[in-house]
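Chain and residue survey
This is what each chain is made of:
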Amino acid sequence: MYRVNHNEKHLADEFMANPFGRPSPELQRVLIVFRGEPVAGKYVLVCTKPFKEWALAELGGKRGEPVKLLGERFTSLEEAERYVFRKRWKKYTGHDLA
Amino acid sequence: MNIIGYSDRISVRAGETIRFMVSCERPVSYRADLVRVVCGDLNPAGPGYREVEIDSPINGQYEGRRQPLLCGSYAIVEGARLAEVRSLCVQAMVWPTRPRGKEQVLLSHWSGEQAAGYELVIDVSGAVALRLGDGSGRVELVSTELPIREREWCLVGASVDTEAKRVVLHQQQQIACERSTTSAVIERSVAILPATTGGPLLIAARLAGRSPDGRCLTEAHYNGKIDSPRLSGRALTAAEMIQLFQRRVPQHLRPDVVAAWDFSLEIPAQRIIDVSGNGLHGTLVNLPARAMTGYNWSASEMRWSSALQEYGAIHFHDDGVYDAGWQSDFALTVPQGMPSGSYAVHLRAGDDEDYLPFFVRCETGKPSAKLLYIAQTATYMAYANLSFTFTASAAELLANRLIVVQPWEEHLNAHPELGLSLYDDHSDGSGVCYSSRLRPILNMRPKVQTSTAGLGSMLWGYNADTHLTDWLEASGYAFDVITDEDLHAEGIEILRHYRTVMTGTHPEYYSEPMLDALKAYTERGGRLMYMGGNGFYWRIAYHPVLPGAIEVRRAEDGTRAWLARPGEYYHSFSGELGGLWRRQDRPPQRLVGTGFIAQGFDLSTGYHRTPASENPRVAFAFEGIDRDEPIGYFGLIGGGAAGLEVDIVDPRLGTPPHTLVVAHSDELPDSFLLVNEEQLINTPDVMGSTNPRIRSDLAFF
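Presented here is a report on the structure given in the accompanying data block. (Residues numbered from 1 in each chain as written. Chains lettered and ligands numbered in written order. Predicted model: local features only at pLDDT ≥ 70, side-chain atom pairs only at ≥ 80, totals over all residues. Heavy atoms only, no water.)

Topic: the overall build of chain B
When helices and strands are tallied, chain B shows nine helices and 44 strands. Taking 701 residues into account, the globule formula puts the C-alpha radius of gyration at 27 Å, and chain B, at 28 Å, falls close to it. On the principal axes, the C-alpha backbone points of chain B span a range of 95 × 60 × 45 Å. A burial count over chain B gives 61% of its 701 residues as buried. For chain B, the proportion of contacts with a sequence separation of at least 24, taken over those separated by at least 6, is 70%. Accessible area of chain B: about 25,900 Å², with a carbon and sulfur share of 51%. Counting 63 positive and 85 negative side-chain charges, chain B places the centres of these two groups 5 Å from one another. (Helix = DSSP H or I, 4+ residues; strand = E, 2+ residues; numbered from the N terminus. Rg over C-alpha atoms; globule rule 2.2 N^0.38 Å. Buried < 20%, exposed > 50% of the residue type's maximum accessible area, 1.4 Å probe, protein only. Contact = heavy atoms within 4.5 Å. Areas by Shrake-Rupley, 256 points an atom, 1.4 Å probe, with all protein chains shown as cover. Lys, Arg positive; Asp, Glu negative; His and termini not counted. Charge placed at Lys NZ, Arg CZ, Asp CG, Glu CD.)

Written out as structure tokens, the structure is:
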């Protein structure tokens, strides 16, 4: 099974440059790992002001469990994507992204 | 969201009355105003949100009240004969889907207030148990203490001999070759006898009381199938219990049998039939699933109407809902001269608001425009209260970006009683095959966004369609509106007065009369503009009698959120085979030239013209557009005109030979994957950049 590796940091650079671009096949493979996480504890955004502000949260994992707000707020979806990508990169590779 | 509501109708015309039901979580005074919905998109990069307030006698201030929504499906039986039962035997075949964790009632003749009666349950541990109450506060529970197997048929029964004061419990698993047995026969002496209760008998729930307006309040709902429940007025032997599972009550048991329900009778109806001769027929509440395979299904027949005797099961769910049944707060009689269009009642209570949308149509045969727009209300109902973002890990993969939870989704998550969409699973993991509009539908509203719709405005269904009608209005095209329900009910008659008929952005769910109407219209020379993707895909059935209910059976092909079980592909509402229209030899390509090929929910792209676009037949469509001009490389949904769910022509599937493919989309991203029905043998070329068939075609014929 494919594992995300810090040696592939160029893929993180590609994502950071344009979180909503068309990812290369290699980057898409990283994103499949990151975005395919189980529901419990999965990062989501909560729309706090439509088209203006989003709050970071995680899912409870079962229907009926409220989302848990984590404190961070973003005024752009790109910034939110970058933030979560950094968190996940650390989780899967053990390395911080500069 | 302190204020929500719904209406009894979705389509009305002059002189007809539509009622609005409103509930406020905390009682407050609220304001209601009639509005015309122009554009529901709040995106500042778009044309701008716009609604137009309309003078109406309903506009004003109202006192809100809390109106509960009582979910969970069950059957209820009333009859004086029930109160005459002393010694007894209750029995059924059951197929439990969630047997542990909470007590679930199989059959209950119980008064909670008096602690009187009897009920056969699956207890917290998952074992079959019998509860007796003597009406003076003493209650006994006898359990087999052996957890029942999930999703396996089991004979369950309990007999009470009032003279001997003995109870016998039966739990007989119906699968052979079991290593670890889950069958048991328990015999116990009891200190008390069940008192009679004058109340009704319930199947799959317990009566917990009545609401002030007389509705049943129920609890301890059962999840799973029940087949052939019987009630006898004597403690039957094990052999007699087995004999009593025959469809016809054996002659020698007739004097003892109080009720024998045959769920294979009147399958489309919301009634259960007692074949004992005692007339203890019952009523079904909240649309439990019918036409389900029974304990004796042999798999030799797939169509329930050809083997009724093997389709005696009903699948009950603790989260099923049909009609919220709220009291009406106000009603609008549509005045003469109110233009056909998209309307809503705007409810406001402090910072909370809701919209109750509906459509005004014109008189059949008296069109006010050349163009008719069909509001795809069946598709809105299919996606009604879509709940999978909280439960499906695939949601972020589908969107290919972070899920943005919307306020309506949070409210829905906190209120499961609002019911589910045809894309969700019930709490027991079985697919939701019915949807109703007689409940608040929180995503059939202006202003709402949907995470798994394209990046940008993130619109789907009802709100996405406001882009279309807003554009028509802004461009000066007059149009009348009908809904899918009107098309289903009236067919070609409703279309034939128009030169052109236009669909919404996603006319995915079609009944046979709806499809027949469009086919007849095009064959008579009518102009049909198919403005969406993944259209004319699922066959649905409207209930023949119950208003506002549709059914889908996700059979053996297509992009499916769940999978119907073997033998359960035929609609209970109509007896028709469910599934894709394509699998029933009516592919969308035959009607509109194109059909579903791929989906992806992040980025869109644009189109470029083909040589066929130079054909004089389509000159009218390309007036003012250069031959090499890119088309639709901009927009609010993924940044392009081709995206989300895309269709191509396919002569093998019926695209007419004179079709002109006037434009192809550019290459779609790798998030766009080839649909299942196009993959017979799996090959790796299923992504946008590697498969030339993954594109969108613009077709004219």
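There is more to say after this.
Digging into the overall build of chain A
Scanning chain A from terminus to terminus reveals three helices and three strands. Rg of the C-alpha trace for chain A: 14 Å, near the compact-globule value of 13 Å for 98 residues, within the 12% margin. Sorting the 98 residues of chain A into buried and exposed places 45% on the buried side. Put simply, 42% of the contacts in chain A that link residues at least 6 apart link residues at least 24 apart.

Quick look at the packing of aromatic side chains
Within the structure shown, the criterion is met by 29 aromatic pairs over all chains. Measuring from centroid to centroid gives 5.2 Å for Phe34 of chain A and Phe85 of chain A, while their planes differ by 65°, and the two rings are edge-to-face. With Phe34 of chain A in helix α2 (residues 25-35) and Phe85 of chain A in helix α3 (residues 77-93), the pair connects residues that are 51 residues apart, well separated along the chain. By relative accessible area, which is 1% here, Phe34 of chain A ends up buried. Each ring, one from Tyr434 of chain B and one from Phe573 of chain B, has its centre 4.9 Å from the other, and the planes form 5°; the classification is stacked. With Tyr434 of chain B in strand β30 (residues 434-436) and Phe573 of chain B in the loop between β37 (549-551) and β38 (579-580), the pair connects residues that are 139 residues apart, well separated along the chain. The residues Tyr434 of chain B and Phe573 of chain B share a single accessibility class, namely buried. Cluster of aromatic residues (ring-pair linked, three or more members): Phe20, Tyr30, Tyr62, Phe330, Tyr343 and Phe358 of chain B. (Phe/Tyr/Trp six-rings, centres within 6.5 Å; stacked < 30°, edge-to-face > 60°.)

A look at the sheet that holds strand β36 (residues 541-542) of chain B
Residue and element names in this part refer to chain B. Across the sheet, which stays open at both edges, the three strands sit in the order β30-β37-β36 with antiparallel pairing between neighbours. Of all strands in the sheet, those with a lone pairing partner are β30 and β36, marking the two edges. Where β30 lies against β37, three bridges are found, and the strand directions are antiparallel. Across the sheet, Ser435 pairs through a bridge with Ile550, a residue of β37. (Pairing = 2+ DSSP bridges.)

Re the interface of chain A and chain B
If you look at the interface, chain A gives 33 residues, while chain B gives 38 residues. Of the roughly 2,800 Å² buried at the junction of chain A and chain B (both faces included), carbon and sulfur atoms supply 60%. Contact with chain B buries area across many residues of chain A, yet Arg22, Phe51 and Arg63 of chain A alone supply 31% of it, more than any other trio. As a salt-bridge pair, Arg35 of chain A and Glu396 of chain B come within 3.9 Å of each other at their nearest N and O atoms. Inspection of the chain A/chain B interface yields 12 residue pairs in polar contact (both at pLDDT 80 or more). Looking at the side of chain A that touches chain B, the elements that each hand over two or more residues are α2, β1 (43-49) and α3 of chain A. Looking at the side of chain A that touches chain B, its residues break down into 19 nonpolar, five polar and nine charged. (Buried area = accessible area lost by both parts, 1.4 Å probe. Salt bridge = Lys/Arg side-chain N within 4 Å of Asp/Glu carboxyl O. Polar contact = N/O pair within 3.5 Å; in protein donor to acceptor, adjacent residues only side chain to side chain. Nonpolar A, V, L, I, M, F, W, Y, C, P; charged D, E, K, R; others polar.)

Looking at the packing of helix α1 (residues 9-17) of chain A against α2 of chain A
Residue and element names in this part refer to chain A. Two elements in contact, α1 and α2, have axes separated by 9 Å at closest approach and are oriented at 85°. What the angle tells us is that α1 and α2 run roughly perpendicular. Across the interface between the two elements, Leu11, Glu14 and Phe15 from α1 touch Glu26, Leu27, Val30, Leu31 and Arg35 from α2. (Axes fitted to C-alpha atoms, helices over the stretch in contact; angles between N-to-C directions. Parallel < 35°, antiparallel > 145°, perpendicular 65-115°, else oblique.)

Observations regarding the environment of Ala289 of chain B
All names here are of chain B. Within the fold, Ala289 resides in strand β23 (residues 289-292). For Ala289, a relative accessible area of 4% gives the class buried. Residues Ala289 and Ile267 lie 22 residues apart in sequence; the distance between their C-alpha atoms is 9.6 Å. In contact with Ala289, not counting residues within four places along its chain, are Ala313, Ile314, His315, His317, Cys433 and Tyr434.

Looking at the state of the cysteines
Working definition of a disulfide: a covalent bond connecting the sulfur atoms of two cysteines. Scanning the entire structure with this criterion turns up zero disulfides over all chains. No disulfide involves Cys71 of chain B; its sulfur sits 14 Å from the nearest other cysteine sulfur, which is in Cys216 of chain B. (Disulfide = S-S within 2.5 Å.)

A few points about α3 of chain A
All names here are of chain A. Over its 17 residues, α3 runs 24 Å from end to end, which matches the ideal 24 Å to within 8%, given 1.5 Å per residue. Turning to α3, its buried residues are Leu77, Ala80, Glu81, Arg82, Val84, Phe85, Arg88, Trp89 and Thr93. Remark: Gly94 follows α3 within two positions and exhibits a positive phi of approximately 80°. (Expected span 1.5 Å × (residues − 1).)

Some thoughts on the packing of α2 of chain A against α3 of chain A
Residues and elements named next belong to chain A. The N-to-C vectors of α2 and α3 enclose an angle of 85°; their axes lie 11 Å apart at closest approach. The angle between α2 and α3 falls in the class roughly perpendicular. Across the interface between the two elements, Leu27, Val30, Leu31, Val33, Phe34 and Arg35 of α2 pack against Glu81, Phe85, Arg88, Trp89 and Tyr92 of α3. Here the contact of α2 with α3 is composed, by residue class, of eight nonpolar, no polar and three charged.

Notes on the nonpolar core
Residue and element names in this part refer to chain B. Within the largest apolar cluster, 95 residues are counted, with the highest numbers of intra-cluster contacts made by Leu487, Leu495, Val501, Tyr509, Tyr510, Leu518 and Phe536. In terms of residue count, the dominant contributor to this core is helix α8 (residues 512-523) (five residues). Contact partners of Leu495, with chain neighbours within four places excluded, come to Leu372, Ile482, Leu487, Val501, Ala517, Leu518 and Tyr521. By size, the runner-up hydrophobic cluster in this structure holds 49 residues, among which are Val128, Val142, Ile226 and Ala259. (Core = buried A, V, L, I, M, F, W, Y, C linked by side-chain atoms within 4.5 Å.)

A short note on the sheet that holds strand β33 (residues 509-510) of chain B
All names here are of chain B. Taken in spatial order, the three strands line up as β33-β35-β38 in an open sheet, and their pairing is mixed. The two strands at the open ends of the sheet, each matched to only one other strand, are β33 and β38. In this sheet, strand β35 (residues 538-539) lies alongside β33 in parallel orientation, the contact comprising two bridges. Directly across from Tyr510, in β35, lies its bridge partner Arg539.

Focus: the pattern of salt bridges
Close approach of charged atoms lets side chains of opposite charge pair. Applying the stated rule across the entire model yields 59 salt bridges over all chains. Measuring nitrogen to oxygen at the nearest pair gives 2.8 Å for the salt bridge that ties Arg88 of chain A to Glu396 of chain B. Separated into two different chains, Arg88 of chain A in helix α3 and Glu396 of chain B in helix α3 (residues 394-399) make up a pair that spans both. Taken as a pair, Arg88 of chain A and Glu396 of chain B share a single burial class, namely buried. Two residues, Asp213 of chain B and Arg215 of chain B, come together in a salt bridge whose shortest N-O distance is 3.6 Å. You can call Asp213 of chain B partly exposed: its relative accessible area is 38%.

Here's the deal with the environment of Arg22 of chain A
Its location among the elements puts Arg22 of chain A in the loop between α1 and α2. Arg22 of chain A sits in the partly exposed class, given a relative accessible area of 40%. The sequence separation of Arg22 of chain A and Gly64 of chain A amounts to 42 residues, and the corresponding C-alpha distance is 35 Å. Once residues lying within four places of it in the same chain are set aside, the contact partners of Arg22 of chain A are Glu14 of chain A together with Leu603, Thr605, Glu667, Leu668 and Pro669 of chain B. In terms of polar contacts, Arg22 of chain A uses its side chain to reach the backbone carbonyl oxygen of Glu667 of chain B, at 2.8 Å.

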